[in-house]
Every structure is written in structure tokens, then in C-alpha cells.
Amino acid sequence: MTRINVAIMKKTVATRVVVALVIFGIPFLAFALLVLHPPNVTLLQPDSDSYLQFNAMRTGGYPMFLRIVASITGNLSTIAILQLAIFCVSVTLIAWQLFKLTGSATLTLILQFSLFFNPWVNKYHFMILSESVFLSASAIMCAFTIAFQRDKRSYDLILVGLSAGYATTVRPAGAPLILIALLLPVFFARFSVRAIINSLI
């Protein structure tokens, strides 16, 4: 291996390390900014009581989440911080998987900024409503979908199904996610997500 090739490899590794630090640093920045400057919303919303009381009109995913948090912490005073933290982790998962798939730092950062610094999305982390947890579960599903497409590991597909199932228990509107999870092996046998993304950028 020539000196030029070694230098190129070192530069490539250094670049990937810097990009990784940025990708994993952004969620900490977003978390800190939102904790210090939260959206101007109230924790309890008109629909919050139906989740807190485990109303029959609600599916069990989010009420159970609230009950587990309350049993561990003693109350729901930290629910906004917890929902925000889960969202930060889920978006970081999908961002890292997207970068590993495409190698595009630009596309990855656009994804992160569009989700982490989106006022419409961020307000839901600070409410007792199912939207935040649903978005997090959906992001986790997308992350493992990308991982499965890249590596074809069976446990990634299992995690896709589990996250899709939980998203559906949080919000019934997530039911199509289960169908998507079931069709993934067939779809990826014929199409490449990498090729589709590269054709769009």
C-alpha cells in the first residue's frame, strides 16, 4: 500500500470520526436547548386525562407508558424530559443508520435538523399526548428498517416489527407500519434503498 493510499485512508477515517462526533453531538445540543428553553405549552392538554385514566377509547400503549413512568418516578413531573430524551435517542439511531447507508453527511444533518429543531414536533415532547412517543417509535422502526436493508440481519427485522407493533398500540394510525414491516423482506429482495436515495440526491 502506497503512502498516498495510506494518507487517503487516514483522511477518510478522520472525516468519518468528525462526522460521527457531529451526528452524536447534535442531539445533546438539541436536548440542552429544549430543556433550557422549552416550548410555551402546558403539560396537561384537553385529551391528557383520557390517557391518564386509561380510558377505553384509547389504545393501551401510551397509557401503559405513563403508568410505568409514574410507578418508577412516583409522578409524571419528568415525563417531558423523558419523552424528549427518547426522541433524541430515536432520531440519532435513524440518523446514524442513514449515514452508514448513504455516506452522506449532508443528508444526515438535514434529517437531524429538520426533526430536532422543528417547533411543531418539539411541542409534543412537553405534553401528555401520544404524539411524541409515537414519533419516537416510528423513528426507531425506520432506523432498523435501514439496518435490515443494509445487513439483512434477522434481528433487525424483528426489531422493526416490535417497534411497528408498539407504535400501533400508541396510536392506531400506526397500523400500516405493521403491514410495511411484513412486506420489508419482499420489497428489499427487489429494490435497494441505497439506490433509491442516491437517485434523489
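Now for a description of the structure that goes with this document.

Analysis parameters
Residues numbered from 1 in each chain as written. Predicted model: local features only at pLDDT ≥ 70, side-chain atom pairs only at ≥ 80, totals over all residues. Heavy atoms only, no water. Helix = DSSP H or I, 4+ residues; strand = E, 2+ residues; numbered from the N terminus. Buried < 20%, exposed > 50% of the residue type's maximum accessible area, 1.4 Å probe, protein only. Contact = heavy atoms within 4.5 Å. Axes fitted to C-alpha atoms, helices over the stretch in contact; angles between N-to-C directions. Parallel < 35°, antiparallel > 145°, perpendicular 65-115°, else oblique. Nonpolar A, V, L, I, M, F, W, Y, C, P; charged D, E, K, R; others polar. Salt bridge = Lys/Arg side-chain N within 4 Å of Asp/Glu carboxyl O. Polar contact = N/O pair within 3.5 Å; in protein donor to acceptor, adjacent residues only side chain to side chain. Phe/Tyr/Trp six-rings, centres within 6.5 Å; stacked < 30°, edge-to-face > 60°. Left-handed = near helix turned anticlockwise from the far one by under 90°. Expected span 1.5 Å × (residues − 1).

Another point: the overall build of the protein chain. A count of helical and extended segments in the protein chain gives ten helices and zero strands. Counting from the amino terminus, the protein chain carries its helices and strands in the arrangement α-α-α-α-α-α-α-α-α-α. Of all 201 residues assigned to the protein chain, the portion counted as buried reaches 38%. Considering only residue pairs separated by 6 or more positions, the protein chain has 72% of its internal contacts joining residues 24 or more positions apart.

Turning next to the packing of helix α3 (residues 61-73) against helix α8 (residues 154-170). Following both chains from N to C, one finds α3 and α8 inclined at 95°, their axes separated by 6 Å at the closest point. Considering their axes alone, α3 and α8 lie roughly perpendicular with respect to each other. Each of Gly61, Tyr62 and Phe65 in α3 lies in contact with α8, whose residues at this interface are Tyr166, Thr169 and Val170. Split by residue class, the contact of α3 with α8 holds four nonpolar, two polar and no charged.

Enumeration over the complete set of coordinates arrives at five salt bridges. Here Asp151 ties to Arg150 by a salt bridge, and the two come within 2.8 Å at their closest N and O atoms. The structure contains a network of salt bridges with shared partners spanning Arg150, Asp151, Arg153 and Asp156.

With that settled, consider the side chain of Ser48. Relative to the assigned elements, Ser48 resides in helix α2 (residues 48-52). You can call Ser48 buried: its relative accessible area is 1%. At 2.8 Å, the side chain of Ser48 and the backbone oxygen of Ile128 are in polar contact. In this view, Ser48 contacts Leu43, Ile128 and Leu129; residues no more than four positions away in its chain are not counted.

Next up on the list: the side chain of Glu131. When you line up the elements, Glu131 lands in helix α7 (residues 131-151). A polar atom in the side chain of Glu131 sits 3.4 Å from the side chain of Arg171. Once residues within four sequence positions are removed from consideration, Glu131 is found in contact with Tyr124 and Arg171.

Here we come to the packing of aromatic side chains. Taken as a whole, this structure holds seven aromatic pairs when the rule is applied. Residues Tyr51 and Tyr62 carry aromatic rings whose centres are separated by 5.2 Å and whose planes lie at 85° to one another, so their mutual orientation is edge-to-face. Taken together, the residues Tyr51 in helix α2 and Tyr62 in helix α3 connect sequence positions eleven residues apart. The rings of Phe24, Trp96 and Phe99 are connected pair by pair, giving a single aromatic cluster.

Here Ile178 is to be found in helix α9 (residues 175-190). When its relative accessible area of 35% is taken as the criterion, Ile178 is described as partly exposed. Residues Ile178 and Val160, 18 residues apart in the sequence, show an inter-C-alpha distance of 8.7 Å.

With that settled, the discussion passes to the packing of helix α4 (residues 79-102) against helix α5 (residues 105-116). Between α4 and α5, whose axes approach to 9 Å, the crossing angle comes to 165°. One finds that α4 runs roughly antiparallel with respect to α5. Crossing angle aside, the handedness with which α4 passes α5 is right-handed. Counting all contacts with α4, which are made through Phe87, Cys88, Val91, Thr92, Ile94, Ala95, Leu98, Phe99 and Thr102, the residues of α5 involved are Ala105, Leu107, Thr108, Leu111, Gln112, Leu115 and Phe116. Partitioning the contact of α4 with α5 into residue classes produces twelve nonpolar, four polar and no charged.

Another point: α3. Across its 13 residues, α3 extends 18 Å between first and last C-alpha, which sits within 8% of the 18 Å expected from 1.5 Å per residue. Within α3 the residues assigned to the buried category are Gly61, Tyr62, Pro63, Phe65, Leu66 and Val69. Buried residues belonging to α3 abut α2, α4, α7 and α8. Of the residues trailing α3, Gly74 is marked for its positive phi of about 90°.

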